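Here are the chains, one letter per residue:
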Amino acid sequence: STPETRTIWQRRQNIVGPVAGTRSAINSVPGVGPAVAGAVFGEEETRQADADRAYVENTSRDLVRVLQNNPRFAEGERKSIEKEISIGPEFFKSVESFEGKLIGINQSLQDRLVDAQRTVQSNVSLEERKRAMDNINAIQNFREKMGLPVPVKTEDDVKMLAPGTLFMDAKGNEYKKR
């Protein structure tokens, strides 16, 4: 897939861990950094890793902006939401730990999505309904960009998937439905 269509899940190895952090730190040194990082890690890989890290940070920030409800208490609310869904680069985090975090964030966003859908269906002002619809759209777009494989628990779950669907078992092993 092209860099524009790669999901956060597909970019995860460039986001967290000592290798990703070291590559980014070396590449950030003015003058010699890009040459050294390119020689050690590969020029194209280094550029892509930095692009992946920026993509994840910006995508996360966009979601925070939409989910922020009250402009009067903007800063505190923004920080709270940002902490809840923070998926930026981290040096001391394994890829497996990052995967678990993405799964947890996905579950949290599912709860927010259900709440927003309830708001749309309830007796609220037009402004509240519009905000709920904006939240629904933002959450759905973000979850699509996250690109998590579908979690399955049973063989019947797998049978219900369309061919070509990526899925994972309870241990985090990834598979593709044939």
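Residues numbered from 1 in each chain as written. Predicted model: local features only at pLDDT ≥ 70, side-chain atom pairs only at ≥ 80, totals over all residues. Heavy atoms only, no water.

### Brief notes about the packing of helix α4 (residues 43–67) against helix α5 (residues 74–85)
Angle between the axes and distance between the axes: these two values describe a pair of packed helices.
Here comes step 1: The geometry of α4 relative to α5 is characterised by a closest axis approach of 9 Å and an angle of 135 degrees between their N-to-C directions. With respect to α5, the axis of α4 lies oblique. Crossing of α4 over α5 shows right-handed handedness. From α4, Ser-60, Arg-61, Leu-63, Val-64 and Leu-67 reach across to α5, where they touch Glu-77, Arg-78, Ile-81, Glu-82 and Ile-85.
Here comes step 2: A per-class count over the contact of α4 with α5 returns five nonpolar, one polar and four charged. (Axes fitted to C-alpha atoms, helices over the stretch in contact; angles between N-to-C directions. Helix = DSSP H or I, 4+ residues; strand = E, 2+ residues; numbered from the N terminus. Parallel < 35°, antiparallel > 145°, perpendicular 65-115°, else oblique. Left-handed = near helix turned anticlockwise from the far one by under 90°. Contact = heavy atoms within 4.5 Å. Nonpolar A, V, L, I, M, F, W, Y, C, P; charged D, E, K, R; others polar.)

### A word on the environment of Arg-53
Here comes step 1: Mapped onto the elements of the fold, Arg-53 is located in helix α4.
Here comes step 2: By relative accessible area, which is 13% here, Arg-53 ends up buried.
Here comes step 3: Once residues within four sequence positions are removed from consideration, Arg-53 is found in contact with Asn-14, Ile-15, Ala-20, Gly-21, Ser-24 and Pro-89.
Here comes step 4: Within the local environment of Arg-53, its side chain forms a polar contact with the backbone oxygen of Ile-15, the two atoms lying 3.0 Å apart. (Buried < 20%, exposed > 50% of the residue type's maximum accessible area, 1.4 Å probe, protein only. Polar contact = N/O pair within 3.5 Å; in protein donor to acceptor, adjacent residues only side chain to side chain.)

### A look at the sheet that holds strand β3 (residues 174–176)
Here comes step 1: If you trace the three strands from one edge of the open sheet to the other, you get β1-β2-β3, paired in mixed fashion. Of all the strands in the sheet, the pair left with one neighbour each is β1 (150–151) and β3.
Here comes step 2: The sheet contact formed by β1 and strand β2 (residues 166–168) spans two bridges and is parallel. Bridge pairing in β2 links Val-150 to Phe-167. (Pairing = 2+ DSSP bridges.)

### Concerning the environment of Asn-173
Here comes step 1: With respect to the helices, strands and loops of the structure, Asn-173 is situated in the loop between β2 and β3.
Here comes step 2: By relative accessible area, which is 35% here, Asn-173 ends up partly exposed.
Here comes step 3: Along the primary structure Asn-173 and Pro-149 are separated by 24 residues, whereas in three dimensions their C-alpha atoms are 9.8 Å apart.
Here comes step 4: Beyond its immediate chain neighbours, meaning those up to four positions away, Asn-173 contacts Phe-167 and Met-168.

### Let's talk about the environment of Asn-137
Here comes step 1: Note on placement: Asn-137 falls in helix α7 (residues 126–146).
Here comes step 2: Exposure remark for Asn-137: the relative accessible area of 40% places this residue in the partly exposed category.
Here comes step 3: Considering only alpha carbons, one finds Asn-137 and Val-66, 71 residues apart in sequence, at a separation of 9.4 Å.

### Considerations on the packing of helix α6 (residues 95–121) against α7
Here comes step 1: Interhelical geometry of α6 versus α7 gives an angle of 155 degrees and a closest axis separation of 9 Å. The pairing of α6 with α7 is recorded here as roughly antiparallel in orientation. Seen along the crossing, α6 lies across α7 with a hand that is left-handed. Contact with α6, carried on its side by Leu-102, Ile-105, Asn-106, Leu-109, Gln-110, Arg-112, Leu-113, Ala-116, Gln-117, Thr-119 and Val-120, involves Glu-128, Arg-129, Ala-132, Met-133, Asn-135, Ile-136, Ile-139, Gln-140, Phe-142, Arg-143 and Met-146 of α7 and no other residues of that element.
Here comes step 2: Considered class by class, the residues forming the contact of α6 with α7 number 12 nonpolar, six polar and four charged.

### Some thoughts on α6
Residues that lie three or four places apart on an α-helix share one face, since the helix turns once every 3.6 residues.
Here comes step 1: Compared with an ideal rise of 1.5 Å per residue, which puts 27 residues at 39 Å, α6 spans 39 Å between its outermost C-alpha atoms and is within 8% of the ideal.
Here comes step 2: Inspection of α6 places Val-95, Phe-98, Glu-99, Leu-102, Ile-105, Asn-106, Ser-108, Leu-109, Leu-113, Ala-116 and Val-120 among the buried residues, and these make up the whole buried set.
Here comes step 3: For α6, the elements touching its buried residues are α1 (8–11), α4, α5 and α7. (Expected span 1.5 Å × (residues − 1).)

### Observations concerning the pattern of salt bridges
Here comes step 1: One pass over the full model with this rule turns up nine salt bridges.
Here comes step 2: Of the charged contacts, one joins Arg-12 and Glu-174 as a salt bridge, the two residues approaching to 2.7 Å between their closest N and O atoms. Of this pair, Arg-12 sits in the loop between α1 and α2 (18–28) while Glu-174 sits in strand β3, and the two are 162 residues apart along the sequence.
Here comes step 3: Taking the shortest distance from any N to any O, the salt bridge between Arg-65 and Asp-62 comes out at 2.5 Å. With Arg-65 and Asp-62 both in helix α4 and three residues apart, the pair spans about one turn of that helix.
Here comes step 4: A relative accessible area of 37% places Asp-62 in the partly exposed class.
Here comes step 5: Put simply, Arg-6, Arg-11 and Asp-52 are held in one network by salt bridges that share partners. (Salt bridge = Lys/Arg side-chain N within 4 Å of Asp/Glu carboxyl O.)

As far as function goes, none of this settles anything; it's purely spatial.
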